[in-house]
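What follows is the residue order along each chain.
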Amino acid sequence: MISEYLTKTFKHGGTKICRYLFCPEKYWVAIKATDKQMQNAATAIDEYLKGSGEGCDILKEQLSHFTDDIQIKINKMCGSNDYSEDNIKNLCFYISMASALPYILGEDDAQLTHTSLMKTITGSKWKCVGFTCGDVIGQPMEFVKKEYRKVMNYIPFSLASHYTDDTVMTIAVMKWLLGGELTNEKLVQHVVDLGTEHWAAGYGGNFNNWLHGSTNYQPYESYGNGSAMRVSPVAWFFDTEEDVLKYAKMSADITHNHPEGVKGAQAIAMCIFLARTGSTKDEIKAYIEKKFGYDLSRTTDMIRPDYIFHVDCQQSVPESIICFLEAKSTLEAIQLAISLGGDTDTMADMAGAIAEAYYGDCDDLFEDTIEKSFQYPKAFVEVIKEFNEKISE
């Protein structure tokens, strides 16, 4: 059963694929796994669930980097002899993250550098790509202890780097805007079709139930940050504040129709719109505080010590905006969002989306995202290309 599950998830390239593959060279292989390596991974999981063996010992060491609450969940699995599909899925997910830690954490002087961080937006080849850069870079760090999320020595891309539901849903919004039929029904169709195709992208529980358990796809009063993570194309597609606010709300309403869910989407959209149309950071900050009531007076150093994982808009959207306000580049905004220790992929998505609109510095970063992350879909790149052509008309 374990081997069958690993093979299935590997085939579909999901985020929950197990990349803990024992090799003679003692390094992690993710992209071209042989049958033998897949069997070794299955054996390691089997030993962990039995509570003994070399695989069990090594996994314990690697999994010790996770936060305390995650370790409690993991420890319950060790020696449990629980071979249910849900248990194996969960264990594979944590192992996939832990196996890439040597690459993620790196050495103290390891960092990605770019020569084009200060390009102007008019000279940028790519637009509306900061969201997916943040998503892919932030994804491997979501369950890692805060002390390991150091801003300056975090290597942006590793074997664990992978797109998540943040990217999938934003691409769905892009396709909706490109299609021209701007109705709730058409947006639901794009979201359901793409979400079903990329079933292993790591959706939240409520959204997953909506996606796979609904027949009429009614909104469920969510105020989670799923509305804000997918909204960035709206801010690039429309050229007036009125339209940005209107369609940001529409993009949220199909699922996240709680007032806070709508507010989060509108706030991120307006940050991006103001940034790309020439507003200063002070002007953006003043607008968001007045329009939406978010407290943007804090700094990341003030937030970081007591910050925990939040998926609601109220406690992740303003923090992501603050990361942009402090940063001097898109990459730095993404790294600051990761360093807070929360919902790293989504917060890096939001911070990256705003910063890119302000700095226009994502050419190299986006191309690295495509090239260096795990199985980035070519179809997504084609949609982004088409969207760029449309907004450049």
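All values derive from a computational prediction rather than experimental measurement. (Residues numbered from 1 in each chain as written. Predicted model: local features only at pLDDT ≥ 70, side-chain atom pairs only at ≥ 80, totals over all residues. Heavy atoms only, no water.)

Examining the overall build of the protein
Counted only if it meets this: Each helix corresponds to a stretch of at least 4 residues labelled H or I by DSSP, and each strand to a stretch of at least 2 residues labelled E; elements are numbered beginning at the N terminus. In this scheme, a residue with accessible area under 20% of its type's maximum is buried, one over 50% is exposed, and one in between is partly exposed, where area comes from a 1.4 Å probe on protein chains only. Whether two residues are in contact is decided by their heavy atoms, any of which lying within 4.5 Å being enough. For the area figures, the Shrake-Rupley method with a 1.4 Å probe applies, and any residue is considered shielded solely by the protein chains shown.
Across its full length, the protein holds 21 helices and zero strands. Taken across its 393 residues, the protein has 59% of its residues classed as buried. Within the protein, residue pairs in contact and separated by at least 24 positions form 75% of the contacts whose partners lie at least 6 positions apart. Here the protein displays about 16,200 Å² of accessible surface, and carbon together with sulfur accounts for 50% of that area.

So, the packing of helix H8 (residues 165-179) against helix H19 (residues 344-359)
Stated precisely, the cut-off is as follows: To get an axis, fit a line to the C-alpha atoms, keeping to the stretch in contact for a helix; angles then go from 0 to 180 degrees between the N-to-C directions. Any angle from 65 to 115 degrees is called roughly perpendicular, while one under 35 is roughly parallel, one over 145 is roughly antiparallel, and all others are oblique. For this classification, Asp, Glu, Lys and Arg are treated as charged, while Ala, Val, Leu, Ile, Met, Phe, Trp, Tyr, Cys and Pro are nonpolar and the rest, including Gly, are polar.
Where H8 meets H19, the axes come as close as 9 Å, and the angle between the chain directions of the two elements is 45 degrees. Accordingly, the angle class assigned to the pair H8 and H19 is oblique. Of the residues in H19, those in contact with Asp 165, Asp 166 and Thr 170 of H8 are Asp 345, Thr 346 and Asp 349. Looking at the contact of H8 with H19, its residues break down into no nonpolar, two polar and four charged.

Considerations on the packing of aromatic side chains
Rules: Paired rings are identified among Phe, Tyr and Trp, the last through its six-membered ring, by centres lying within 6.5 Å, and are further divided according to the angle between planes into stacked (under 30 degrees), edge-to-face (over 60) and tilted (the rest).
For the structure on display, the rule yields 14 aromatic pairs. Between the aromatic rings of Trp 126 and Phe 366, the centroid separation amounts to 4.7 Å while the plane-to-plane angle is 70 degrees, which identifies the pairing as edge-to-face. Note that Trp 126 is positioned in the loop between helix H6 (101-105) and helix H7 (130-138) and Phe 366 in helix H20 (residues 363-372), a separation of 240 residues in sequence. The same class applies to Trp 126 and to Phe 366, which are both buried.

A short note on the pattern of salt bridges
Threshold: Counted as salt bridges are all cases of a side-chain nitrogen of Lys or Arg within 4 Å of a carboxyl oxygen of Asp or Glu.
As enumerated under the stated definition, the model contains 11 salt bridges in all. The salt bridge partner of Asp 295 is Arg 298, with a shortest N-O separation of 3.8 Å.

Looking at the nonpolar core
Put simply, the rule reads: In these notes, a set of buried Ala, Val, Leu, Ile, Met, Phe, Trp, Tyr and Cys residues joined through side-chain atoms within 4.5 Å is what counts as a nonpolar core.
Counting 96 residues, the largest nonpolar core has Ile 268, Ile 288, Val 317 and Ile 321 as its most contacted members. The greatest single-element share of this core, amounting to 11 residues, is contributed by helix H14 (residues 259-276). Dropping the residues within four chain positions of it, Val 317 is found in contact with Ala 228, Gly 264, Ala 267, Ile 268, Tyr 294 and Met 350.

So, the packing of H14 against helix H15 (residues 281-292)
Heads up, the rule is: Handedness of a crossing is defined here by the sense of rotation of the near helix relative to the far one, left-handed for an anticlockwise turn of less than a right angle and right-handed for a clockwise turn.
At their nearest, the axes of H14 and H15 sit 10 Å apart, and the two run at 155 degrees to each other. Taken together, the axes of H14 and H15 lie roughly antiparallel to each other. Judged by the sense of rotation from one axis to the other, the crossing of H14 with H15 is right-handed. Contacts between H14 and H15 pair Lys 263, Gln 266, Ala 267, Met 270, Cys 271, Leu 274 and Ala 275 from the former with Ile 284, Tyr 287, Ile 288 and Phe 292 from the latter. Partitioned by chemical class, the residues of the contact of H14 with H15 number nine nonpolar, one polar and one charged.

Some remarks on H7
Across the nine residues of H7, nine count as buried, placing the element largely inside the fold. Among the residues making up H7, those that are buried are Gly 130, Phe 131, Thr 132, Cys 133, Gly 134, Asp 135, Val 136, Ile 137 and Gly 138. Taken together, the buried residues of H7 touch H8, helix H12 (232-237), helix H18 (330-339), H19 and H20.

Quick notes on unusual backbone geometry
We note that Cys 128 has phi near 55 degrees; this positive angle belongs to a residue other than glycine. By the secondary structure assignment, Cys 128 is in the loop between H6 and H7. Look at Glu 221: it is not a glycine, yet its phi comes out positive at around 60 degrees. With respect to the secondary-structure elements, Glu 221 resides in the loop between helix H10 (205-213) and helix H11 (226-229).

Digging into the side chain of Ser 279
For Ser 279, the location among the structural elements is in the loop between H14 and H15. For Ser 279, the residues in contact, after removing those within four places along its chain, are Leu 274, Ile 284 and Tyr 358.

What about the environment of Lys 328?
Note that Lys 328 resides in the loop between helix H17 (317-326) and H18. Exposure remark for Lys 328: the relative accessible area of 58% places this residue in the exposed category. In this structure the C-alpha to C-alpha distance between Lys 328 and Tyr 359, which are 31 residues apart in sequence, comes to 8.2 Å.

A closer look at the side chain of Asp 361
Applied cut-off: Positive charges come from Lys and Arg, negative ones from Asp and Glu, while His and the chain ends are left out of the count. Side-chain atoms alone can form a polar contact between residues adjacent in sequence; in general such a contact is a pair of N or O atoms within 3.5 Å, and within protein one must be able to donate a hydrogen while the other accepts it.
Tracing the sequence through the fold places Asp 361 in the loop between H19 and H20. For Asp 361, which is buried and forms no salt bridge, the nearest opposite charge comes from Lys 281, at a distance of 9.6 Å. Side-chain polar atoms of Asp 361 contact the side chain of Thr 330, separated by 2.4 Å.

Some points on H8
Filter applied, for reference: In this scheme, a helix's expected span is set at 1.5 Å multiplied by one less than its residue total.
Relative to the 21 Å expected for 15 residues at 1.5 Å per residue, H8 spans 21 Å between its end C-alpha atoms, a close match to the ideal helical length. Counting buried positions along H8 yields 12 of 15 residues, so the element is predominantly enclosed. Within the sequence span of H8, burial applies to Asp 165, Asp 166, Thr 167, Val 168, Met 169, Thr 170, Ile 171, Ala 172, Val 173, Met 174, Trp 176 and Leu 177.

Thoughts on the confidence of the model for the protein
Close inspection of predicted coordinates is inappropriate in any region flagged by low pLDDT. Filter applied, for reference: What pLDDT reports is the predictor's confidence in each residue, on a scale of 0 through 100.
Taken residue by residue, the protein gives an average pLDDT of 81. The fraction at 70 or more is 76%. The low-confidence segment residues 102-123, where pLDDT is below 50, has 59 contacts with residues more than four positions distant or belonging to other chains.

Considering the environment of Trp 236
By the element assignment, Trp 236 lies in helix H12. Exposure remark for Trp 236: the relative accessible area of 6% places this residue in the buried category. Along the sequence, Trp 236 and Thr 277 sit 41 residues apart, while their C-alpha atoms lie 9.7 Å from each other.

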